[in-house]
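For reference, the chains in residue letters:
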Protein chains: 2
Amino acid sequence: MANPEATAEAAGEPDSPDAELRAQAAELFEDIPRAAEPPSGRPVTRAKVDLGAMLFFDPRMSVSGVFSCQSCHNIGIGGTDQLETSIGHGWQQGPRNSPTMLNAVFNAAQFWDGRAEDLAEQAKGPVQAGVEMNNTPENLIATLESMPGYVEAFKAAFPGEENPVTFDNFALAIEAFETTLVTPNSRFDQWLMGMDGAMTEQEKRGLAAYMDAGCSTCHAGVNFGGQEYYPFGLVEAPDPEVRPEGDVGRYQITQTEEDQYVFRAAPLRNVALTAPYFHSGQVWDLEEAVRIMANAQLGTELAEEQAQDITAFLGTLTGEQPQVIHPTLPVRTGSTPLPAPIQQDVGEGKAAD
Amino acid sequence: MANPEATAEAAGEPDSPDAELRAQAAELFEDIPRAAEPPSGRPVTRAKVDLGAMLFFDPRMSVSGVFSCQSCHNIGIGGTDQLETSIGHGWQQGPRNSPTMLNAVFNAAQFWDGRAEDLAEQAKGPVQAGVEMNNTPENLIATLESMPGYVEAFKAAFPGEENPVTFDNFALAIEAFETTLVTPNSRFDQWLMGMDGAMTEQEKRGLAAYMDAGCSTCHAGVNFGGQEYYPFGLVEAPDPEVRPEGDVGRYQITQTEEDQYVFRAAPLRNVALTAPYFHSGQVWDLEEAVRIMANAQLGTELAEEQAQDITAFLGTLTGEQPQVIHPTLPVRTGSTPLPAPIQQDVGEGKAAD
């Protein structure tokens with residue numbers, strides 16, 4: 001977890017004026033490591049990562065040949081599509097805002113409602129969702145098996161397996177690739193490691209306010225969230241435009257009354273890059289999102305300056321964005337399934353975010 | 001133009017058994033250089049290329065926020081989308097197959113009908129086409145001007161200009177980036193430079209057949225095409241599924257009778273990667289495409305072996321694919337125009353390929 005640039009500084013500043021704030025922050029947060037392991041403990045190998053990158057960027061994983069993972073989790077836009085909710089197969093609009101895959105390896109579970117245990121389970125969702133990629137595992141495997149370039153890459157990624165080209169391995173390779181998509185060395189992380197000058201005075205006030213107001217109750221840890229479940233509207237129900245009545249969160253999964261409008265606390269790393277906000281994607285302004293959260297979750301009406309300070313602080317959570325060479329994708333063959341004709345009926349599928 | 005690996009070999013093989021075939025080929029073809037200049041002579045600078053890469057990969061250049069240049073000219077799939085014809089705004093299907101931008105700098109003109117003089121002029125098409133990105137220059141410029149990251153990048157790319165964020169400069173930056181998307185060092189190029197072993201005997205037979213049958217009359221030069229205009233169906237009209245009656249090619253531009261069904265001879269570099277074929281995208285098999293062309297353009301019924309040999313030869317035109325780091329895109333601001341609502345009417349726009 002150590003950040004070499006910053007650790008050197010930290011050692012040199014025992015009497016830093018930021019010492020107290022930093023000690024308080026160090027109890028709640030962690031810096032992003034440059035390399036991560038999936039919580040599953042499954043090994044991340046170069047061959048798996050390379051295969052996962054190909055799968056992630058390949059639009060032929062969708063039945064239409066139009067959408068890839070990258071379409072909604074754009075590595076150039078903080079891992080999101082910067083749409084209120086994603087547009088998918090047949091120009092259908094999905095029900096929830098596309099969450100970032102950056103640092104998602106640090107989340108306790110995936111999707112807004114945490115219904116996937118890990119990145120591998122998550123990866124199986126959108127590819128099958130009727131409003132997203134609308135594919136089937138069978139057609140996906142037929143597509144992969146038709147291309148020698150993919151067959152070889154699966155063999156290299158899953159050595160010793162007799163039939164490595166499986167839907168499970170597809171998901172595991174994507175998990176391995178996504179595990180590399182971390183954003184270390186944010187200004188907050190530099191500051192946490194001891195570099196006083198990495199944050200401005202306003203940002204430091206914002207950090208103090210973030211902790212004092214109670215934001216860090218839910219949005220803490222290495223990912224500033226992504227760990228626990230809370231009702232959106234703990235104290236006061238948000239405007240129905242922001243929290244649409246029809247989307248009841250975890251209640252859809254558990255059918256338990258106390259899970260009404262319960263979502264996983266959103267991870268806030270790179271949040272300045274990932275507008276629009278909330279599962280509804282109805283708020284484009286980060287400061288407004290901060291106010292709404294203070295109101296809904298804490299029953300607090302933030303002073304203007306306080307909201308500005310917290311927003312400024314959140315900007316320090318933007319880390320180094322992954323630099324990924326766009327993979328050259330395997331060549332199709334005569335047995336590769338053709339993209340589904342555009343005229344086909346657009347199914348009434350389920351969304352996956 | 002020199003290929004260092006291959007030139008060394010060439011010097012060493014004066015008595016090569018391939019000498020005659022190579023001499024014949026050298027009259028017609030050229031190897032792909034590792035760096036190209038646009039025919040316009042406009043200088044390609046690092047700052048322009050970097051800006052062009054951002055613009056090329058940024059889906060926010062479309063009015064919906066869904067499609068970028070990369071959507072239909074996928075750098076991982078030979079610069080195409082591997083669809084019969086592209087899917088664009090509102091899930092509309094365009095009228096023509098998406099041509100590759102790889103090595104497009106070597107074409108005499110752009111689009112299937114050559115109606116854009118150069119890459120810069122071409123870049124202005126799809127972004128405005130109703131069935132593609134459906135944007136307006138005004139909304140595009142407003143989008144770019146709203147993001148300091150873009151404003152700085154335009155200033156760096158076009159130093160000394162008072163208002164560098166213009167639609168013209170948008171197009172020039174994309175031209176500069178696309179100028180870098182060349183695929184040198186194909187096996188054919190290695191062979192042309194003197195490496196006898198870079199092509200198999202079958203591929204060499206295919207090359208001989210390609211020249212003898214007359215394919216090289218239209219598909220020659222550095223890009224194996226992309227230079228001149230010919231009627232598709234010079235000798236015999238192709239099946240109307242392959243050459244749809246409603247798409248009359250350059251006639252649409254010139255309104256001249258002799259331009260009926262006239263198209264620019266397709267450049268054949270990387271053709272093994274760019275299925276499906278023809279402006280209609282109705283043929284997925286390269287060997288079938290070869291047969292159709294021999295029939296339509298040369299009035300020749302190719303023997304099975306001959307068609308196979310030519311197809312094998314075309315496979316040697318696959319060069320090194322560009323390795324491009326996916327750019328980190330500028331951060332939106334409160335003044336960035338929002339993506340057009342999905343509910344908006346889908347216009348009756350013109351296609352741009």
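Residues numbered from 1 in each chain as written. Chains lettered and ligands numbered in written order. Predicted model: local features only at pLDDT ≥ 70, side-chain atom pairs only at ≥ 80, totals over all residues. Heavy atoms only, no water.

### Remarks on the UniProt feature "binding site: heme c 2" (unreviewed entry) in chain A
Residues and elements named next belong to chain A. Formally: UniProt positions are given in the numbering used here, feature names are shortened, and annotations may be inferred rather than shown by experiment. Helix and strand definitions follow DSSP, with helices as H or I runs of at least four residues and strands as E runs of at least two, each counted in order from the N terminus. Three exposure classes are used, based on accessible area relative to the maximum for each residue type with a 1.4 Å probe and protein chains only: buried under 20%, partly exposed in between, and exposed over 50%.
Summarizing the sequence annotation, UniProt attributes the feature "binding site: heme c 2" (unreviewed entry) to Cys215, Cys218, His219 and Met293 in the numbering used throughout. Across 79 residues, the annotated set stays spatially compact, with a maximum C-alpha separation of 11.3 Å. One can find Cys218 in the loop between helix H10 (201–213) and strand S3 (229–231). According to the relative accessible area criterion, Cys218 is buried, its value standing at 18%.

### Some remarks on the pattern of salt bridges
Residue and element names in this part refer to chain A. Applied cut-off: In the sections that follow, a salt bridge refers to a side-chain nitrogen of Lys or Arg positioned within 4 Å of a carboxyl oxygen of Asp or Glu.
For the structure on display, the rule yields 34 salt bridges over all chains. The salt bridge involving Glu152 is made with Lys155; its shortest N-O contact spans 3.7 Å. Here Lys155 and Glu152 lie together in helix H7 (residues 148–157), a separation of three residues that amounts to about one turn. Salt bridges here are not isolated pairs; linked through shared partners, they connect Arg96, Asp113, Arg115 and Asp247.

### Quick word on the UniProt feature "binding site: heme c 1" (unreviewed entry) in chain A
Residue and element names in this part refer to chain A. As a reminder of what qualifies: Working rule for contacts: check all heavy atoms of both residues, and any pair within 4.5 Å makes them a contact.
UniProt records the feature "binding site: heme c 1" (unreviewed entry) at Cys69, Cys72, His73 and His89, using the numbering of this structure. Its place among the elements puts Cys69 in helix H4 (residues 69–72). Excluding anything up to four places from it in sequence, Cys69 contacts Leu55, Phe56, Met133 and Ile174. Inspection of the secondary structure assignment puts His89 in the loop between strand S1 (87–88) and strand S2 (92–93). The class for His89 is buried, based on a relative accessible area of 2%.

### Some points on unusual backbone geometry
Put simply, A:Ala275 and A:Pro276 share a cis peptide bond, and its omega is -5°. Residues other than glycine seldom take positive phi values, yet A:Gln255 does so here, at roughly 55°. A positive phi angle, near 60°, is found at B:Tyr261, a position not held by glycine. As for its position among the elements, B:Tyr261 is in the loop between helix H12 (251–254) and strand S4 (262–264).

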